[in-house]
Structures are given as C-alpha cells and as structure tokens.
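Fold and contact review
Residue-level listing of the chains:
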Amino acid sequence: MLILGIDTSCDDTSCAVVRDGRQLLSNIVSSQTDLHAKFGGVVPEIASRRHLEVLIPACSEALEQAGVALSDIDLIAVTNGPGLLGSLLVGVGFAKGLAHAAQVPLIDVHHIAGHIYANFLGETLPEFPALNLVVSGGHSELILMESHGRFTVLAETRDDAAGEVFDKVAREIGLGFPGGPYLDRLAEKGDADKIPFPLPRIRGSKYDYSFSGIKTRALLEFEAGDKTEEFKRDLAAGFRKGVVDQLLNPVEELIRETGARSLAISGGVAANMLLRRKSQELAAKLDIPLFVPPRELCTDNGAMIAAAGYYKYQMTGSSRPQKENLLMECSAGLELQSWGEDI
Ligand code: KG4
Ligand code: ZN
C-alpha cells in the first residue's frame, strides 16, 4: 500500500510517500525558518499563507522523488491537530480535495501519534508495550503504547514544553532560530558542571515535568553573568543537562512499573545530542532496546504521518465511509486518543 503523508501543523510544509507504513520512498520538508527568523518565533498568518503556496509543489515533488503518480496512491494521511489552526486548515483542506478528486481514502492523524510512528519507519520495529518519550516544541510527554494505536499518557509537562524552553533560552543568549539545535551545538563545547541546574520538585505528581523554573533560572543566570563566550557555553551546557536529566528521570521507574519492552524517543528535541547519548546509556543499563529516529525524522515531516496513517487505517479505515472524509475537522488543541475512540 502506498501512502501519501501530509503535515502542515506548524511552520514546515511536509509531504512524503511511504510504502506499507515502513518503507520511506520520499520525504519533502519545505522549511519556513527564514520567514519567521526575523520575528524570533513562528508567525501564524505567515505560516498558513506559506503552506498555501508550497503545499502543491511539495506534494508533486514527493510523488516525483518516489517515482509514483497520484493514481498509484492508495491512502492519504493528514495531520488534523494539534497545531496552529490556520496551518492545519490548509493541510486538511488540501488533503480532502486531493482525496476526493483522486477517489482515495483519507485518514486523519494526531501529530503526536505521528511523531511516535517515526520510530516505525524502518526494518526493526519497537516491541510492545513501548514507552515513548515525545519531546517537541509543543509537547513533553511519556506515552505508553500497549499495541498499535493504544496510547496512555503517563506524564506530561505542567507548563512549558522542552523545545519551547530550548528556543526561549537560545533566543535570550542571542542564538539563531529555532534555538534548540544552536543551543545544543553550543552546549557541546561547554562545561555542564560550572552552572548546575538541579531537578525541580513537582507537587502532586511523581512523573510530570515542569520546565518553566529551569527556563527562568537560565534567563536570570544569563542576566547576571559576564556574557563571555565561555560563560555562554557553560550556561548552555548546564541548562541542556538540566532539561535532559529531567526528561529521562522518570523513565527507569516507569519501565519497571509498566513492563515496557522498548524505549522510543521522538519529536524535534529527540535530535538533541545529549538526549540521544544519555538515552542510549540508560537503555543499555536497563538492557532494553532504544529507538530514536534519524534527525530528519525527529522534526516535523510527512513520513511519520504516513506511517501512523497506515496502521490507523488498518484498524479504523473501513469504519469510515468515503463521503465522511469531507466532514473531517481539525483542531488546534486536539487530544491524543486511542484509535477507534477518536472518531
Ligand atoms: O517536532 P518539532 O519539529 O515541532 C513541533 O511539533 O513542535 O519540534 C521542534 C522543536 C523546536 O523547539 C526545536 O528547537 C527543537 O524541536 N529542536 C531541538 C533540537 N533540534 C530541534 N531542541 C534541542 N536540541 C536539538 N538538537
Ligand atoms: Zn512536531
């Protein structure tokens, strides 16, 4: 089965062609970074207008690179939330039109389910139950997957997401946009013990995250510091270690408690070098296989949506009549639900 996956949830226009949920044939990501950089953040109106301009060329290119025609596509999968509403509307509207014109079934995919399924693109698949750490610009969650499409959120952030604090601290230090990758590279050259960031205490929950304290602390340290290159490197290193330590802190106990047989990390922040190294060490210590997508599949892409769409369609596709596709809605704050319960 050939699946065309489309994601326009934020500021990247992405289209990909995937065979049978695991074989990547093409993955086109048209980044809008340059358009938003001068504003220091994503401007929603600019993002949705740009999606309108580049979505058709991006899909044509994805088909061309995969060496297939639209008539070869068996299923179209599209992100219908969460994300920026205007951006989501462009992708969903386009996917509906394309599916209707080509008489191809359409399936909606939750963006977080998409990130999780980036780890299913490949030869070896995570074994269930799988513990997923999903870390992006908008989310920091630990999600247990008992089987395909069965999601249980075990921990989430009480305030900011990990990617969001990386971006805010990086902006303050004067790094590029989005800041996560810049701060990561700067931290590689710093000493993480010079300015330590201890784990926060979170009242009322054993596993939830909170990143606003560490962000404020980094901003205050920066304000008080001498702002030399060495100081910036050490601050970036200490801050990065603080975020990564917090992200991995509940993992060992949750793996024991849930009996998870694999650990999978996904989302834009999964590209972080320290998180990749430390999760490798943790998985080795726990003697559990670790899955982390290649960097280009950590950040937003259409391939992960196609992969998730494939498995979801196997479970729910036949229950949704073709004409109901035109009623598909998108939502900026869409909740993650297990498949079959989200219609
Ligand atoms: O998954 P994604 O592309 O979009 C959302 O769904 O939010 O994640 C983007 C986020 C941004 O905050 C970006 O700074 C962060 O992922 N990111 C990183 C790294 N690469 C991307 N954060 C830390 N270290 C990185 N190497
Ligand atoms: Zn994302």
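Below: a short report on this structure.

Conventions and cut-offs
Residues numbered from 1 in each chain as written. Chains lettered and ligands numbered in written order. Predicted model: local features only at pLDDT ≥ 70, side-chain atom pairs only at ≥ 80, totals over all residues. Heavy atoms only, no water. Donors = N, O, S within 2.8 Å, 3.2 Å for Na, K, Ca; no water. Buried < 20%, exposed > 50% of the residue type's maximum accessible area, 1.4 Å probe, protein only. Near = heavy atom within 4 Å. Polar contact = N/O pair within 3.5 Å; in protein donor to acceptor, adjacent residues only side chain to side chain. Areas by Shrake-Rupley, 256 points an atom, 1.4 Å probe, with all protein chains shown as cover. 1 Å grid on protein atoms, 1.4 Å probe; cavity = no way out; pocket = protein on both sides within 12 Å on 5 of 7 lines; lining within 4 Å. Sits in = over half its atoms within 2 Å of the grid points. Helix = DSSP H or I, 4+ residues; strand = E, 2+ residues; numbered from the N terminus. Nonpolar A, V, L, I, M, F, W, Y, C, P; charged D, E, K, R; others polar. Domains from an automatic or database assignment. Pairing = 2+ DSSP bridges. Phe/Tyr/Trp six-rings, centres within 6.5 Å; stacked < 30°, edge-to-face > 60°.

Summarising the metal site, the zinc ion (ligand 2) is bound by the protein donors His111 (NE2), His115 (NE2) and Asp300 (OD), whose distances to it range over 2.0 to 2.1 Å. Assessed through its relative accessible area of 7%, histidine 111 is described here as buried. The class of aspartate 300 is buried, set by a relative accessible area of 15%.

Residues in contact with ligand 1 amount to 18 residues; listed here are only the nearest, Gly137, Asp167, Asp184, Asn272 and Asp300. Within the contact set of ligand 1, an oxygen atom lies 3.2 Å away from a side-chain nitrogen or oxygen of histidine 111. In this structure, an oxygen atom belonging to ligand 1 sits 3.1 Å away from a main-chain N or O atom of glycine 268. In the complex, 89% of the free accessible area of ligand 1, which totals 560 Å², lies under the protein chains. Among the cavities detected, the one that contains ligand 1 is the largest pocket. At the level of elements, helix 4 (111-117), helix 5 (162-173) and helix 6 (179-188) are the ones that each hand at least two residues to the shell around ligand 1. Broken down by class, the residue content of the shell around ligand 1 amounts to 5 nonpolar, 10 polar and 3 charged. Built from parts of two domains, the shell around ligand 1 gets at least three residues from each of domain 1 (2-117 + 297-325) and domain 2 (128-292).

Read across the sheet, 5 strands follow the order 8-7-6-9-10 without closing on themselves; strand pairing throughout is mixed. Two strands bound the open sheet, and with one partner strand each, they are strand 8 (151-156) and strand 10 (290-291). As defined by bridge partners, strand 7 (residues 140-145) adjoins strand 8 across 5 bridges and the pair is classed as antiparallel. Across the sheet, residue isoleucine 143 finds its bridge partner in strand 8, namely valine 153.

Applying the stated criterion across every chain yields a total of 11 aromatic pairs. Taken together, a centroid distance of 5.7 Å and an interplanar angle of 80 degrees make the contact between phenylalanine 151 and tryptophan 339 edge-to-face. Placement of phenylalanine 151 in strand 8 and of tryptophan 339 in the segment after helix 12 (302-316) is noted, with a sequence separation of 188 residues between them. You'll find phenylalanine 151 and tryptophan 339 in the same group, each marked buried.

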